[in-house]
Amino acid sequence: MSATPDQLPNDVEEMKQLFLAQAANLEKLTADLAAASAELAAARAGLMSYAIEIEKLKFQLARLRRQKFGSSSERIEREIVQLELRLEELEATKAAAEAKAEAASPAPATPIDMPAGQPAPAKPKKPRRKFSEKLTRTTVVHEPQACPTPGCDGALRKVSEDVTEVLKYIPGRFEVERHIRPVCSCRKCETMVQAPMPPLPIPRGEADASVLAHVAIAKYCDHIPLYRQSEIYARDDVELDRSKLADWNGKSAWLLEPLAEKIGAHVMAGKVIHADDTPVKVLAPGNGTTKTGRFWAYLRDERPHLGSAPPAVFYQFTPDRKGEHCRAHLAAFSGHLHADGFSGFAQLYERAGAKPGPIIEIGCWSHVRRGFFDVFESNGSPIAKEALEKIGVLFDIERPIAGKSPDLRQQVRAELAKPRLDVLAAWLDEQLQRIPGRSELAKAIRYARSRWDALTRYIEDGRLEISNNAVENVLRCIGIGRKNWLFLGSDSGGQRAAIFYTIIRTCVLNGVEPEAYLREVLACIGEFPINRISELLPWNFAARKDCRRAA
């Protein structure tokens, strides 16, 4: 902001101080601009590498399709599916990187040699997609209200109009919405005026939030890969190639990422959470083989003990199962952690004096029961059968107190479960002395006894659960997906999937229909203040809709 001569100090020392402060500010601005430019250059270089790899894979895909029929057609078909999925992920990753680079890049400056008041020349526009004439069309006209010149009350006359077609999805069918924006001039002062185009989730996009939400739900809820979606939509005269769907999917994930991070922060703020992981095959770039990545789920659900916090689940993807990943995810957490016996969690239980506080292990009786069940199924062991019956009684005690207060749950467990746990411990020790030490049954007993403290902590606190089944249930969606898409196309595709899984499954936990939620959120999140993003969380969604209906 420039200062007038009257505002400048008369004292020489004050003037020096002002000059030094301005110089320091200028130096900081220059450094910030250089850093931003370097970041933008790196992003553009990354986009170029994505584009090169995409073109390479498209060439390979075209070659394989020409060779599809013949003695090796089954093998070629598998390779085509692999390339399709790999292309999906690359194109979605490229789209997310483009959105990020566009958001970070500064607005173009007006050239120095442009006359004052004249805007910089606009970039050449890409031709918009023409949708099939068979699709139903609705028209929305955006008339300018009045002459924008202050004090002018002249009437407007139409000079021309711009027509923008946007694809919409109404459950069961696609439609095209035609936005007509007349260009008018004022009869009195000749000022030109035109109403702005309503904002779209993707700037200058060809689809509104309803289409983006439907594509995301089809991929991550119904487990339909994008190339198959493209084939399905073509039957309804909607020509949307895989690359366009991937572009929309990548930019949608970029828009939704702050929401997923907010959900993660909410989960980690709880004092009792559940954690588990599941493997997923990931296509290894270059050689056509697959590696094993991991989806991790962290669940906060206080409903079984009448807690007031809304339930939420936070998914993370990692390229392997190293313990450093779960420790990084749980770095901000302190409290009780329901988990299996994975060694990666062990270091977390040892940070007693470290910040943010200790993590207390809570064992899972379902994992214990599974060991005895496998033995019984394999050889019908009567000891394994009796162990299953004794553990089953512990679960029977839990069913009537689900959804009750923590104090009541703790009281019932102290009266009914604790005596049975003491008897079970003595019985297991006795059986261990009677069977071969290297047998599978002995392993199942030692698994339980070596984790006895963690397995019995649930009777001391009514907020805790007897098992980790709750988080295993929210991982089932990934297991179902594996049967449909078999593997992920890339690590970045896993990270993108984690964003959508976090939002979709948290909607389900809160009784919110995921597609309706994404449709509304994607419609407004691009213009929504980042410091109010919590208002868009799934558990606030129903309240916002109720408020709008009341208004």
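Fair warning: this is a prediction, and the values are worked out from it, not measured in the lab. (Residues numbered from 1 in each chain as written. Predicted model: local features only at pLDDT ≥ 70, side-chain atom pairs only at ≥ 80, totals over all residues. Heavy atoms only, no water.)

A. Quick look at the nonpolar core. Ranked by internal contacts, the top residues of the largest apolar core, which has 82 residues, are Leu167, Leu259, Tyr315 and Phe345. The dominant element in this core, judged by the number of residues it contributes, is helix α5 (residues 242-268), at 11 residues. For Leu167, the contacting residues outside a window of four places in its chain are Phe131, Leu135, Phe174, Glu175, Val176, Glu206, Ala207, Asp208, Val211, Val238 and Leu240. Listed in part, the 34 residues of the second largest apolar core include Val272, Ala384, Phe395 and Leu424. (Core = buried A, V, L, I, M, F, W, Y, C linked by side-chain atoms within 4.5 Å. Buried < 20%, exposed > 50% of the residue type's maximum accessible area, 1.4 Å probe, protein only. Helix = DSSP H or I, 4+ residues; strand = E, 2+ residues; numbered from the N terminus. Contact = heavy atoms within 4.5 Å.)

B. A look at the pattern of salt bridges. Here the structure, examined in full by the defined rule, presents 26 salt bridges. The salt bridge involving Asp237 is made with Lys134; its shortest N-O contact spans 4.0 Å. Taken together, the positions of Asp237 in the loop between α4 (226-234) and α5 and Lys134 in the loop between α2 (73-104) and β1 (136-141) put the pair 103 residues apart, joining distant regions of the chain. By relative accessible area, Asp237 is classed as partly exposed at 30%. For Arg178, the salt bridge is made with Glu165, and the minimal N-O distance between the two is 3.6 Å. With a gap of 13 residues between them, Arg178 in strand β3 (residues 173-186) and Glu165 in strand β2 (residues 156-170) connect regions that are remote in the sequence. The class of Arg178 is partly exposed, set by a relative accessible area of 24%. Linked by salt bridges that have partners in common, Arg137, Glu165 and Arg178 make up one network. (Salt bridge = Lys/Arg side-chain N within 4 Å of Asp/Glu carboxyl O.)

C. Highlighting unusual backbone geometry. Unusually for a residue other than glycine, Glu190 sits at a positive phi of about 65°. Using a relative accessible area of 46% as the deciding quantity, one classes Glu190 as partly exposed.

D. Representation of the side chain of Asp276 in the model. Here Asp276 shows up in strand β5 (residues 272-283). The side chain of Asp276 sits in the buried core without any salt bridge; Arg321 is the nearest counter-charge, 5.5 Å away. (Lys, Arg positive; Asp, Glu negative; His and termini not counted.)

E. Representation of helix α14 (residues 491-509). Compared with the 27 Å implied by 1.5 Å per residue over 19 residues, the 27 Å span of α14 between its first and last C-alpha is a close match. Most of α14 sits out of view: 14 of its 19 residues are buried. Gly511, located one to two residues past α14, shows a positive phi value of around 70°. (Expected span 1.5 Å × (residues − 1).)

F. Representation of the sheet that holds strand β8 (residues 335-338) within the structure. Taken in spatial order, the five strands of this open sheet run β7-β6-β5-β8-β9, and their pairing is mixed. The open sheet is flanked by β7 (312-318) and β9 (359-362), the only strands paired with a single partner. Going across the sheet, the axis of each strand differs from the next one's by a mean of 30°, ignoring polarity. Pairing analysis gives 10 bridges linking β5 to strand β6 (residues 290-300), with the strands arranged antiparallel. Note that in β6 the partner of Asp276 across the bridge is Ala297. Docked against the sheet, α5 engages β5, β6 and β7, running at close to 110° with respect to β7. In this fold α14 packs onto β5, β6 and β7, with an angle of close to 170° to the strand it touches most, β7. (Pairing = 2+ DSSP bridges. Axes fitted to C-alpha atoms, helices over the stretch in contact; angles between N-to-C directions.)

G. Geometry of the packing of aromatic side chains. Summed over the entire model, instances satisfying the criterion amount to 12 aromatic pairs. With centroids separated by 6.0 Å and ring planes inclined at 50°, the aromatic side chains of Trp296 and Phe342 adopt a geometry described as tilted. Of the two residues, Trp296 sits in strand β6 while Phe342 sits in the loop between β8 and β9, which places them 46 residues apart along the sequence. Given a relative accessible area of 0%, Trp296 falls into the buried group. Overall, Phe342 belongs to the buried group, its relative accessible area being 14%. Among the aromatic side chains, those forming a connected cluster through ring pairs are Tyr220, Phe295, Tyr315, Phe317, Phe500 and Tyr501. For Arg321, the ring lying beneath its charged end belongs to Phe342, and the centroid distance is 4.0 Å. In this arrangement the basic side chain of Arg369 is found over the ring face of Phe395, its NZ or CZ atom lying 4.1 Å from the centre. (Phe/Tyr/Trp six-rings, centres within 6.5 Å; stacked < 30°, edge-to-face > 60°. Lys NZ or Arg CZ within 6 Å of the ring centre and 35° of its normal.)

H. How the structure looks around the environment of Ala195. Relative to the helices and strands, Ala195 is located in the loop between β4 (192-194) and α3 (209-220). Between the C-alpha atom of Ala195 and that of Pro144, which follows or precedes it by 51 residues, the distance is 4.8 Å. For Ala195, the contacting residues outside a window of four places in its chain are His142, Glu143, Pro144 and Arg181.

I. Representation of the environment of Gly494. Secondary-structure assignment places Gly494 in helix α14. Among the residues examined, Gly494 registers a relative accessible area of 0% and is labelled buried. Taking the C-alpha atoms as reference points, Gly494 and Phe317, separated by 177 residues in sequence, lie 5.6 Å from one another. Discounting chain neighbours no more than four positions away, the residues touching Gly494 are Phe295, Phe317 and Leu488.

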